Each structure stands twice: as C-alpha cells, then as structure tokens.
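Remarks on the overall topology
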Amino acid sequence: MNASLLQDPARRASLVPWLIAAVGLLAMYVPTLVSLLGSIWASDAQGHGPIVLGVSVWLIYRSWPQLTDVSASPPKPWLAWPLLVLAAVLYAVGRSQGIWIFEVGSSLLVVSGLVLLLRGPRQLKSIAFALFFMLFLIPLPGAVVDALTQPLKMAVSYVAEALLYAAGYPISRTGVILQIGPYQLLVADACAGLHTLFTLEALGLLYLNVVRYASLFRNIALAILIVPISFAANVIRVCALTLITYYFGDEAGQGFLHGFAGMVLFMSALMLIIATDGVLRFGARRVGPREAA
C-alpha cells in the first residue's frame, strides 16, 4: 500500500469495504486466536500455528495488487453469501461446542466469501495458495491424529534404531522406546507425530510456492518428495536427541538441547528440500531437451 493510493480519494474510498471486512474478521477471530494461544498453540505439537498464520497473512499481502484489481472479474454475491452463511454456522457451532476444526476452518470460508463479495473469482484465485496454506492452521480431530501418529512413531523409531545400531551405538528398541546405554527415550508425538509431519509439509509447500518453478515435472516431483523428506527429517531429529542424551545425559536431552533438536529438525528438512531440488534441477534439464525433441 503506497502513498499515492492513500492520496487518491477514489482509491481511499475503495479501501473502506476492505477495512469493514477486516474489522469483522478481527471481531470474530481474535477471541479464537486468544483461545488457541492459551491452549493447543502453547504445545509442542501445534506450536507451528502462529507461524503458519503469519505466513498466510504475508502471502495474502503479497497478492494485494491482484486481490484488489477491480477489472479482473466482477463480484459473485450469489456465491459469496452461501459461503458466508455456512461459515457463520460452522463458527457458531465450533465456538460454542469447542470444535476447533469448525471454528478455525470457518475462517477459510469467510475469507473466500468476502473476496467473492467484494471482488470476484479471479481475485480469489490470486490468494488460492494462501488459503490452501491456511489449512495447516486447522487442528485435526484427536481420533485421526492418534490413529496415524502411532504408526509414524513406530516407523521413525525403527529407522533411528537401525541407523544408530549400524553406526556402532549400543541401542535397542521396544515399541517406541529407545534404550541407548543406561538411558531410555520415549519417542513422543511432538518428535515424530502427525503434527510434526504436517509442519514440515507446510515448510516444503511454502518453499515450492516461493521458488515458483515453470517446470511442471520439477513442481510435481518436489511436492511428492516432501513427504519422505519430512519423514527423514523426523528421523534425524530423533537420532540427534538420542545422541545428545547418550553423550550429555538425560537432563541435556530433555532441556535446552531438546529445543535445539527442534531447530535441527527444520534445518535438516530445509537442507534436504534444497538438495532434492538440486537433483530435480539436473533431472529437469535432462528431461527438458527430450521433451523438446
């Protein structure tokens, strides 16, 4: 938003509906954000929520010129109002009954409905990735998380044990409990659960959106490979925590260095994504000439 926009009376007037919409959004969802910050966003499993929210707002702001383009397509109130009514119902039910998936998920419908009401489908398309990214804000039902987290923890524990055993460390495993030397470590949900996998998925998809490759092969391949990359990053984190505990004791493993292992998780995931991207760049160069021929 530049100075010329604020100095032009017509442009200032065009901002009024957006300001009204922003006030309405804040009135609805600030209480939701306060509740999230005081509950699930304060946990390790859902600690990525504020980051995802901030990135989503930045993605929408980055698309502001396309979002406010009046000439792109006309408003679609006949489509906007059903979305807004449905969002209001979901919000009311979710807020009153403590159903996060309804309360938080309604925000996607509200934003979509407001854009269709004030602008149109093409403007909504300009923030399609931001709305998709906001899906990572929605807490999953506990039953789904529990059903998928246990197999993930088992797989991560198995691979971590196999790697450390092959490296010569005295390690054994019982379910999701790793025994290394005199120490026992429980592979917790925050270390290898579904929420961690979702966080890394969000990181990979954000990287994919920022680089914006023209190669369809490269985009699809990297999007698919984000899943095994996320799994590998979880394995690296569990191995790092296990080695920290082995060399520095249980207090170090559960104290400050536990948080450092979380940084290792994201750094290793980012490095793996960049490395995989480099391999795909080489593959795209090889595939490109063949397709052209």
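All values derive from a computational prediction rather than experimental measurement.

**Section: the pairing of strand β3 (residues 183–186)**
Both strand β2 (residues 177–180) and β3 contribute to a ladder of 4 bridges, which runs antiparallel. Across the sheet, the residue bridging to I180 is Y183, located in β3. Where β2 hands over to β3, the hairpin turn is made up of 2 residues, of which G181 adopts a positive phi near 60°.

**Topic: helix α9 (residues 142–166)**
Spanning 25 residues, α9 covers 36 Å between terminal C-alpha atoms, matching the ideal 36 Å at 1.5 Å per step. The sharpest bend along α9 reaches about 25° and sits at T149, with the proline P151 one to four residues further on. Every buried residue of α9 is accounted for by V145, T149, K153, V156, S157, A160, E161 and L164.

**What to know about the nonpolar core**
L67, I127 and F133 are the most contacted members of the largest nonpolar core, which has 37 residues in total. When contributions to this core are tallied by element, the ones reaching two or more residues are α2 (9–37), α3 (49–62), α4 (64–67), α5 (77–97), α6 (100–118), α8 (128–133) and α11 (194–211). The next biggest cluster of nonpolar side chains, apart from the first, holds 13 residues, and it includes V156, V176, L185 and V235.

**Notes on the pairing of strand β1 (residues 171–174)**
Relative to β2, β1 runs antiparallel, the two being bridged by 4 bridges. Across the sheet, S172 pairs through a bridge with Q179, a residue of β2. The hairpin turn running from β1 into β2, its antiparallel successor, is 2 residues long, and G175 in that turn takes a positive phi close to 65°.

**Notes on the packing of aromatic side chains**
Across all of its chains, the model carries 9 aromatic pairs by this definition. A ring pair is formed by Y29 and Y91, whose centres lie 5.3 Å apart and whose planes are at 80°; its orientation type is edge-to-face. A residue pair is termed long-range when its members are at least 10 positions apart, and Y29 in helix α2 and Y91 in helix α5 qualify at 62 residues. Both residues of the pair, Y29 and Y91, count as buried. Consider the rings of F133 and F136, whose centres lie 5.9 Å apart with planes at 55°: the pair is tilted.

**Describing the packing of α5 against α6**
Put simply, α5 and α6 touch, their axes get as near as 8 Å, and they point 160° apart. Classified by the interaxial angle, the pair formed by α5 and α6 is roughly antiparallel. The chirality of how α5 crosses α6 is left-handed. Of the residues contributing to the contact of α5 with α6, the split by class is 17 nonpolar, 4 polar and 2 charged.

**Here we look at α6**
Over its 19 residues, α6 runs 27 Å from end to end, which matches the ideal 27 Å to within 8%, given 1.5 Å per residue. Among the 19 residues in α6, 14 count as buried, and that is most of the element.

**Side note on the pattern of salt bridges**
Using the criterion set out here, one finds 2 salt bridges in the structure. Between E103 and R95 there is a salt bridge, and its shortest N-O distance comes to 2.9 Å. We note a salt bridge from E161 to R173, for which the minimum N-O separation is 3.3 Å. Placement of E161 in helix α9 and of R173 in strand β1 is noted, with a sequence separation of 12 residues between them. For E161, a relative accessible area of 18% gives the class buried. Here R173 falls in the partly exposed class, since its relative accessible area comes to 26%.

**So, the packing of α9 against helix α12 (residues 216–248)**
It is at 9 Å that the axes of α9 and α12 come closest, and there the two elements cross at 60°. In terms of orientation, α9 and α12 fall into the oblique class. Classified by chirality, the crossing of α12 by α9 is right-handed. On the side of α9, the interface is formed by L152, A155, V156, V159, A160, L163 and L164, while α12 contributes F231, N234, V235, V238, C239, T242 and L243. Tallied by class, the residues present in the contact of α9 with α12 amount to 12 nonpolar, 2 polar and no charged.

**A closer look at the environment of T68**
On the secondary structure map, T68 appears in the loop between α4 and α5. Apart from the residues lying within four places of it in its own chain, the contact partners of T68 are W18 and R119. A distance of 2.9 Å separates the side chain of T68 from the backbone oxygen of W64, its partner in a polar contact.

**Notes on the sheet that holds β1**
Ordered by their spatial adjacency, 3 strands build an open sheet running β1-β2-β3, and the pairing between neighbours is antiparallel. The sheet terminates laterally at β1 and β3, the two strands that pair on one side only. Direction aside, the axes of adjacent strands within the sheet are offset by 20° on average. The sheet strands contacting α12 are β1, β2 and β3, and the helix crosses β3 at an angle near 155°.

Parameters at a glance
- Residues numbered from 1 in each chain as written.
- Predicted model: local features only at pLDDT ≥ 70, side-chain atom pairs only at ≥ 80, totals over all residues.
- Heavy atoms only, no water.
- Pairing = 2+ DSSP bridges.
- Helix = DSSP H or I, 4+ residues; strand = E, 2+ residues; numbered from the N terminus.
- Expected span 1.5 Å × (residues − 1).
- Bend = angle between axes of the 7 residues up to and from the residue.
- Buried < 20%, exposed > 50% of the residue type's maximum accessible area, 1.4 Å probe, protein only.
- Core = buried A, V, L, I, M, F, W, Y, C linked by side-chain atoms within 4.5 Å.
- Phe/Tyr/Trp six-rings, centres within 6.5 Å; stacked < 30°, edge-to-face > 60°.
- Axes fitted to C-alpha atoms, helices over the stretch in contact; angles between N-to-C directions.
- Parallel < 35°, antiparallel > 145°, perpendicular 65-115°, else oblique.
- Left-handed = near helix turned anticlockwise from the far one by under 90°.
- Nonpolar A, V, L, I, M, F, W, Y, C, P; charged D, E, K, R; others polar.
- Salt bridge = Lys/Arg side-chain N within 4 Å of Asp/Glu carboxyl O.
- Contact = heavy atoms within 4.5 Å.
- Polar contact = N/O pair within 3.5 Å; in protein donor to acceptor, adjacent residues only side chain to side chain.

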